[in-house]
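# Overview (structure and organization)
These are the residues of each chain, in order.
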Amino acid sequence: MTNMPNLASARAALPLDLRSVHIQDSYWNRYVELIRTTVIPYQWEALNDRVPDAEPSHAIRNFRIAAGLEEGEFGGFFFQDTDLYKWLEAVGYSLAGHPDADLEKVADEAIELIAGAQLDDGYVNTYFTVAKPGDRWTNLLDCHEMYSAGHLIEGAVAYYHGTGKMRFLDVARRLADHIDERFGPNPGQLRGYDGHQELELALVKLYEATGERRYLELASFQIEERGQEPNYLVAEWEKRGRVSPWNPGAVQKSVNMAYHQAHKPVREQEVAIGHAVRAVYMYTAMADLALHKGDAGLLAACKRLWSNMTNKQMYVNGSIGSTHHGEAFTFDYDLPNDTNYSETCASIGLIFFARRMLQLEPKGEYADVMERALYNTVTAGIAGDGKHYFYVNPMEVWPAASEGNPGKHHVKAVRQKWYGCACCPPNVARLLSSLGHYIYTANEDTLYAHLYIGSEATHSLGGKQVTLSQKSGLPWAGEAGFTVAAIGAVGTVGAVGTVGTVGAVQGGADAEAATFTLALRVPSWSKATSFTLNGQPVQPEVTDGYARLTREWRVGDTFAISLDMEPRRVYSHSQLRANAGRVALQRGPLVYAFEETDNGAPLAALSLPRASALRPVPSDWRSDIVLLEMDGIRLSGAEDSLYSGEPPTATPQKLVAIPYTLWGNRKPGEMSVWIRETP
């Protein structure tokens, strides 16, 4: 197995090997340990349908049926297999940093189950093996065959990197080879691509792990063929008689290719449109291909789509997808608060895309969005107990409306134990168990720190093996420092080849110093930022949102950043109608929200005077968090009349806001991010 192939851009800054980044952070250790000790075991129980009162997963049972170990009918959605694949991906990342023989044994057995369900030609998909054995590759539009294959491949690559074991990777390669044989531009091949993107980015990972160029070219074909005329998905739909398994028996009048981002070639797309998760998974693959192939045209398309999505269609908490109709984008500035979808998976995909853009061009705007989505939406998607999850991440919740208004049934006031369509819970697990991939990127002479998360990282810089120790007070305190902990000669690469360079630090006179650049992100939310070098003020060069300091570094040198943690008000664009006259609150990377538990109901009756100070205060709920307290107003009108000619009465009231990521962890009730502002 080879290391990562050469890139088109020699200056690309890539993530570090996950084994070389050790998170040691008072805030994030809680999440990392929660995933390792609670979430992964809990989700294994869910996959085996052993969680009382939770929706069944069917995943393990489907594989047992497909492998011939038991009899029965397929259960769940076409893509039910992916829950297991994402769980195995999370396990692979977890094992990379925390070897666990018992967990590895469980995972190995699950992998053998998948291998037992693989057909002789390499095909793996329990829905088509069990329920529709004669219909393989006949409905790419609806049935997620390549999407499912992509998650298998991602899981296999992660497990290989985490354990060095080849079994799952061999299964993935046989499946990828099967797809490569069936699909492509050559005579006798199908020119198809999936209705739900995912395979494309997975094939790039397989290429990086194996060095097999044909996997990269297959990913490129899938991206470039999308939206070309004649449209493959439309022709396939016509051939099927214009019917969909989502609505059996009904003949469709039309099919919306924009929903699948297949309405035009990807290089011509200018606005984020359609199903939000599919979109960001596709954009991630486009950025991967732009990096590996040095494709300026694809990069330009990525930048256009990024700009539209983050500047005109993203919520303040870093979530995307404004409507539950198709879990989709709608149009610029249409960001309703009480009906938005903001799927957890969509923010995770946005983080994937952001990291790929950082690899192409280290600019603070990408890391700012990555941080916003991570600290707010992704972590809001999981409860403090690790056993309850949000699929939807609303900006505003009125529990009575969620129960009584059909248009708001998707908005939940409490997290659920599991979902019949459970894409989000294992997605959270795989992201947070791979958190070390998102803190840093590096090339041969520059280490970029994108996230301020306490950690120790080892990488080859300036021709030496350098270990850096980061200490961070975020998100509660605005201090972070980077200390050179060790410098040595570059050791040998570890047994499992990955993006980073891992080796033993060796001493010696030639290893006392190393010349390289440390580049620290200057968050856009910090309005007053300062720096010190070994305790003395220093002014590094700040470009593209990064403070760069190049010097000969020695063990013990510390480069520190001080960030402005003053709470601030956030206002919307004038065309964002849902927030006219309203304000949101932010402190550091955290967006805040008002809950009924602290402020009473209805929250819609509250307002915040523009002159009111925002006071950070400790919490009597959890000692480790910071709340915001302020002097506000409650409006109350006539109680015996629906409408009245009398103006409401204004009563002073102390208001309290909590970090949005923690909402819904106490007594169920109303929640709102945006509050009316008064002069």
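Residues numbered from 1 in each chain as written. Predicted model: local features only at pLDDT ≥ 70, side-chain atom pairs only at ≥ 80, totals over all residues. Heavy atoms only, no water.

### Considerations on the overall build of the chain
In terms of helices and strands, the chain carries 18 helices and 23 strands. The C-alpha radius of gyration of the chain comes to 25 Å, within 12% of the 26 Å expected for a compact globule of 679 residues. Projected onto its principal axes, the C-alpha positions of the chain cover 75 × 75 × 50 Å. Taking all 679 residues of the chain together, 60% fall into the buried category. For the chain, the proportion of contacts with a sequence separation of at least 24, taken over those separated by at least 6, is 71%. Accessible surface computed for the chain: about 25200 Å², of which carbon and sulfur atoms make up 51%. Distance between charge centroids for the chain: 2 Å, based on 62 positive and 80 negative side chains. (Helix = DSSP H or I, 4+ residues; strand = E, 2+ residues; numbered from the N terminus. Rg over C-alpha atoms; globule rule 2.2 N^0.38 Å. Buried < 20%, exposed > 50% of the residue type's maximum accessible area, 1.4 Å probe, protein only. Contact = heavy atoms within 4.5 Å. Areas by Shrake-Rupley, 256 points an atom, 1.4 Å probe, with all protein chains shown as cover. Lys, Arg positive; Asp, Glu negative; His and termini not counted. Charge placed at Lys NZ, Arg CZ, Asp CG, Glu CD.)

### Concerning the packing of aromatic side chains
Summed over the entire model, instances satisfying the criterion amount to 32 aromatic pairs. Relative to W476, the ring of Y27 has its centre 5.9 Å away and its plane inclined at 75°; by these criteria the two rings are edge-to-face. Here Y27 is found in the loop between β2 (21–23) and α1 (28–47), whereas its partner W476 is found in the loop between β7 (464–472) and β8 (479–489), with 449 residues between them in sequence. Residue classification places Y27 among the buried residues on the basis of a relative accessible area of 8%. Classification of W476 as buried rests on a relative accessible area of 15%. (Phe/Tyr/Trp six-rings, centres within 6.5 Å; stacked < 30°, edge-to-face > 60°.)

### Comments concerning the pattern of salt bridges
This model, assessed by the stated rule, comprises 44 salt bridges. The salt bridge partner of D368 is R521, with a shortest N-O separation of 2.5 Å. Pair noted here: D368 is in helix α14 (residues 364–380) and R521 is in strand β9 (residues 513–521), with a separation of 153 residues, a long-range link. With respect to class, D368 is no different from R521; both count as buried. Taken together, the shared-partner salt bridges connect R173, D177, D180, E212 and R214 into one network. (Salt bridge = Lys/Arg side-chain N within 4 Å of Asp/Glu carboxyl O.)

### Re the sheet that holds strand β4 (residues 440–442)
Picture the strands of a sheet paired through backbone hydrogen bonds; they go either parallel or antiparallel. The mixed open sheet is built from 6 strands, whose spatial order is β1-β4-β5-β9-β13-β12. Here the strands that pair on one side only, and so sit at the sheet edges, are β1 (14–15) and β12 (541–543). Bridge analysis of β9 against strand β13 (residues 546–554) gives 9 bridges, and the strand direction is antiparallel. Opposite L518, over in β13, you have L549 as the bridge partner. Across the face of the sheet, α14 comes into contact with β9 and β13 while running at roughly 65° to β9. (Pairing = 2+ DSSP bridges. Axes fitted to C-alpha atoms, helices over the stretch in contact; angles between N-to-C directions.)

### Details of the packing of helix α4 (residues 101–117) against helix α7 (residues 167–182)
Contact pair α4 / α7: the axes reach a minimum separation of 10 Å and the direction vectors enclose 25°. Taken together, the axes of α4 and α7 are roughly parallel relative to one another. By crossing handedness, the relation of α4 to α7 is classed as left-handed. Two secondary-structure elements touch here, α4 through I111, E112, I114 and A115 and α7 through R167, F168 and V171. Its residues assigned to classes, the contact of α4 with α7 comprises 5 nonpolar, no polar and 2 charged. (Parallel < 35°, antiparallel > 145°, perpendicular 65-115°, else oblique. Left-handed = near helix turned anticlockwise from the far one by under 90°. Nonpolar A, V, L, I, M, F, W, Y, C, P; charged D, E, K, R; others polar.)

### What about the sheet that holds strand β14 (residues 558–562)?
A sheet is described by the order of its strands in space; here 7 strands give the open sequence β2-β6-β7-β8-β14-β10-β11, paired in antiparallel fashion. Of all strands in the sheet, those with a lone pairing partner are β2 and β11 (536–537), marking the two edges. Where strand β10 (residues 530–533) lies against β14, 4 bridges are found, and the strand directions are antiparallel. When the sheet's bridge partners are listed, F531 is paired in β14 with I561.

### Digging into the side chain of S619
Note that S619 resides in the loop between β19 (615–618) and β20 (626–636). At 2.9 Å, the side chain of S619 and the backbone nitrogen of W621 are in polar contact. Here R622 takes part through its backbone nitrogen, which lies 3.2 Å from a polar atom of the side chain of S619. Ignoring any residue separated from it by four or fewer positions in sequence, one finds S619 in contact with I625 and L627. (Polar contact = N/O pair within 3.5 Å; in protein donor to acceptor, adjacent residues only side chain to side chain.)

### Some points on helix α6 (residues 145–163)
Taking 1.5 Å as the rise per residue, α6 with 19 residues should run 27 Å; its terminal C-alpha atoms sit 27 Å apart, in good agreement. In the stretch just after α6, G164 is the one whose phi turns positive, near 80°. (Expected span 1.5 Å × (residues − 1).)

### A closer look at the environment of E596
Tracing the backbone through its elements, the reader meets E596 in helix α18 (residues 596–599). C-alpha of E596 to C-alpha of G349: the two residues are 247 residues apart in sequence and 31 Å apart in space.

### Concerning the packing of helix α11 (residues 276–293) against helix α12 (residues 296–312)
With their axes 9 Å apart at the nearest point, α11 and α12 run at an angle of 145° to one another. At the point where α11 passes α12, the crossing takes the left-handed sense. Only L298, L299, A301, C302, L305 and M309 of α12 make contact with α11, whose side of the interface consists of V280, Y283, M286, A287, L289 and A290. Class assignment of the residues belonging to the contact of α11 with α12 gives a composition of 12 nonpolar, no polar and no charged.

### Some thoughts on the pairing of β10
Burial along β10 is one-sided: F531 and L533 are buried, while S530 and T532, pointing the other way, are not. As defined by bridge partners, β10 adjoins β11 across 2 bridges and the pair is classed as antiparallel. Opposite T532, over in β11, you have P537 as the bridge partner. Between β10 and the antiparallel strand that follows it, β11, lie 2 residues; N534 among them carries a positive phi value of about 50°.

### Description of the environment of A560
Its place among the elements puts A560 in strand β14. A relative accessible area of 19% means that A560 is categorised as buried. On a C-alpha basis, the gap between A560 and S530 in space is 8.5 Å, while along the polypeptide they are 30 residues apart. If we ignore the near neighbours within four places in the chain, the residues touching A560 are A480, G481, S530, F531 and T532.

### What to know about the confidence of the model for the chain
Per-residue pLDDT for the chain averages 94, and the proportion of residues at 70 or more is 96%. Note on residues 492–510: pLDDT is under 50 here. Beyond four places in sequence and across chains, it has 52 contacts. (pLDDT = per-residue confidence, 0-100.)

### Points about the side chain of R569
Residue placement: R569 occurs in strand β15 (residues 568–570). Among the polar contacts listed, one links the side chain of R569 to the side chain of E677, at a separation of 3.2 Å.

### Quick word on the environment of V266
Tracing the sequence through the fold places V266 in the loop between α10 (232–239) and α11. For the pair V266 and L298, spaced 32 residues apart in sequence, the C-alpha to C-alpha distance is 8.2 Å. When residues no more than four places from it in sequence are discounted, the contact partners of V266 are I223, R226, M282, M286, L298 and A301.

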